[in-house]
Amino acid sequence: MRPIDRIMDALKKLSLDQPYDKITYADVAKEAGVHWTTVRRHFGSKEHMKKILLDNQGAKNLSYTDTRTKILESAERTFAMYGYEGTSLDKVAENAGLTKGAVYWHFSSKSDLFLTLTERSLKELIKELPHQSKEVFDSVSPVEALKVLFENEFRACAEDKNEKTLLFFEFISKRRDKEIKDKLNASFSQLFLESSEILKELQQQNRVTSNIDPNALSVVLHALMNGIILMYLVSPDSVPLNTIANDVSKVVWKGIAPKN
């Protein structure tokens, strides 16, 4: 067998048991029985190694995008069922009907997978922000529109039995890893930035008071929503999500309404 064939077989075998970002030239060389410089000469870079394997997956009618999506959907179900601490990549793989190696190829750890889910949720939220703000401020009654918005958010929390929200708070409270902190910081910074840009535009249109810094207002509004949900998780009997939206909308509108 030619060296390149042995290298390719070694790479595929290693990817079944190890995260792709942990596989080195030396690992492949040892498995293939060649010198590590031979591996480097064939691939040139680790990214190229990854691309080669993805091309091979495509040749077997395996979709990178579909596999990744399948893993993420499985992860949502598995995290909801077992909680963060009770979930493992083995369980995610089993739930998705995939090998553990397939999961490791896309995600290097459980925290990496959960962060990706979190980032995806925040991106979906950011995508919805312009539409949500338009519904509120184009409404004849912004207070009523705000009430409907809050009701929908609170209802979504209740309907999924608080699993996603609870997992999110659980994740934040238990993780101290610098990489995780940096990624969460980047994701939420983008959320606050997008929100503040929308609020700034509304201020320019005199739909929101200009007496409040839009960046600060962005943080306050998101903190209010998350804070209410967090209090509900702590003491559901004391925080009636089904009725509180009416009063919350009045408080918010009184604070952000334009001053004539």
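Quick caveat, the model's predicted, so the values are computed rather than measured.

Novice: So what's going on with the pattern of salt bridges? Which residues, and what values?
Specialist: Any two side chains of opposite charge can pair, given that their charged atoms come close. In this structure the tally under the stated criterion is six salt bridges. Where Arg-120 meets Glu-76, a salt bridge forms, and the shortest distance between an N and an O atom there is 3.2 Å. Of the two residues, Arg-120 is situated in helix H8 (residues 110-137) and Glu-76 in helix H5 (residues 64-86); the sequence distance between them amounts to 44 residues. Judged by its relative accessible area of 26%, Arg-120 is partly exposed. By relative accessible area, which is 30% here, Glu-76 ends up partly exposed. In this structure, Asp-138 engages Lys-134 in a salt bridge whose closest nitrogen and oxygen atoms are separated by 2.8 Å. Judged by relative accessible area, Asp-138 falls into the partly exposed class, the value being 39%. Residue Lys-134 is classed as exposed on the basis of its relative accessible area of 53%.

Novice: Quick one: what's the story with the UniProt feature "DNA-binding region" (unreviewed entry) in the protein, residue by residue and with numbers?
Specialist: In this numbering, the UniProt entry assigns the feature "DNA-binding region" (unreviewed entry) to residues 24-43 and 88-107. Helix makes up 80% of residues 24-43 and strand 0%. Its end C-alpha atoms lie 12 Å apart. Helix makes up 75% of residues 88-107 and strand 0%, and the two end C-alpha atoms of the span are 12 Å apart.

Novice: Lay out the packing of aromatic side chains in plain terms, naming residues and giving numbers.
Specialist: For the structure on display, the rule yields six aromatic pairs. When the ring of Phe-79 is compared with that of Tyr-84, the centres are 5.8 Å apart and the planes differ by 5°; the resulting orientation is stacked. For the pair shown, Phe-79 and Tyr-84 are each scored as buried. Taken together, the ring pairs in this structure connect Phe-79, Tyr-84 and Phe-114 into an aromatic cluster. We note Lys-91 situated over the ring of Tyr-82; from NZ or CZ to the ring centre the distance is 4.1 Å. When the ring centre of Tyr-84 is taken as origin, the NZ or CZ atom of Lys-110, which lies over that ring, is 4.5 Å away.

Novice: So what's going on with the nonpolar core? Which residues, and what values?
Specialist: Counting residues in hydrophobic clusters, the biggest one holds 50 residues, and the most contacted among them are Phe-79, Leu-113, Phe-150 and Phe-154. For this core, the element with the most residues is H8, which contributes nine residues. Both domains that furnish three or more residues to this core are identified here as domain 2 (61-106) and domain 3 (110-256). If near-sequence neighbours (up to four positions away) are discounted, Phe-79 is found in contact with Tyr-84, Thr-87, Lys-110, Leu-113, Phe-114, Leu-117 and Leu-167. Ranked by size, the runner-up nonpolar core spans 14 residues in total, among them Ile-7, Ala-10, Leu-14 and Val-39.

Novice: Lay out the environment of Phe-107 in plain terms, naming residues and giving numbers.
Specialist: With respect to the secondary-structure elements, Phe-107 resides in the loop between helix H7 (100-106) and H8. Exposure remark for Phe-107: the relative accessible area of 1% places this residue in the buried category. Phe-107 sits 39 residues away from Arg-68 along the chain, and the two C-alpha atoms are 9.1 Å apart. Ignoring sequence-local partners within four residues, the contact set of Phe-107 consists of Arg-68, Ile-71, Leu-72, Leu-89, Asp-112, Leu-113 and Thr-116.

Novice: Quick rundown of the side chain of Thr-78? Include the residues and the values.
Specialist: Looking at the element boundaries, Thr-78 is found in helix H5. On the basis of relative accessible area, Thr-78 is assigned to the buried category, the value being 1%. Within the structure, the side chain of Thr-78 is placed 2.7 Å from the backbone oxygen of Ser-74, a separation counted as a polar contact.

Novice: I'd love a proper account of the packing of H8 against helix H9 (residues 142-159), names of residues and values included.
Specialist: In helix packing, the relevant descriptors are the interaxial angle and the interaxial distance, both defined with respect to the helix axes. Where H8 meets H9, the closest approach of the two axes is 7 Å, and the angle between their N-to-C directions is 140°. Overall, the two elements H8 and H9 adopt an arrangement that is oblique. In this structure, H8 uses Gln-132, Glu-135 and Val-136 to contact H9, whose residues at the interface are Pro-142, Ala-145, Leu-146, Leu-149 and Glu-153.

Novice: Lay out the side chain of His-222 in plain terms, naming residues and giving numbers.
Specialist: Its location among the elements puts His-222 in helix H12 (residues 214-234). Apart from the residues lying within four places of it in its own chain, the contact partners of His-222 are Leu-125, Leu-191, Phe-192 and Ser-195.

Thresholds applied
- Residues numbered from 1 in each chain as written.
- Predicted model: local features only at pLDDT ≥ 70, side-chain atom pairs only at ≥ 80, totals over all residues.
- Heavy atoms only, no water.
- Salt bridge = Lys/Arg side-chain N within 4 Å of Asp/Glu carboxyl O.
- Helix = DSSP H or I, 4+ residues; strand = E, 2+ residues; numbered from the N terminus.
- Buried < 20%, exposed > 50% of the residue type's maximum accessible area, 1.4 Å probe, protein only.
- UniProt positions renumbered as here; feature names shortened; annotations may be inferred.
- Phe/Tyr/Trp six-rings, centres within 6.5 Å; stacked < 30°, edge-to-face > 60°.
- Lys NZ or Arg CZ within 6 Å of the ring centre and 35° of its normal.
- Core = buried A, V, L, I, M, F, W, Y, C linked by side-chain atoms within 4.5 Å.
- Domains from an automatic or database assignment.
- Contact = heavy atoms within 4.5 Å.
- Polar contact = N/O pair within 3.5 Å; in protein donor to acceptor, adjacent residues only side chain to side chain.
- Axes fitted to C-alpha atoms, helices over the stretch in contact; angles between N-to-C directions.
- Parallel < 35°, antiparallel > 145°, perpendicular 65-115°, else oblique.

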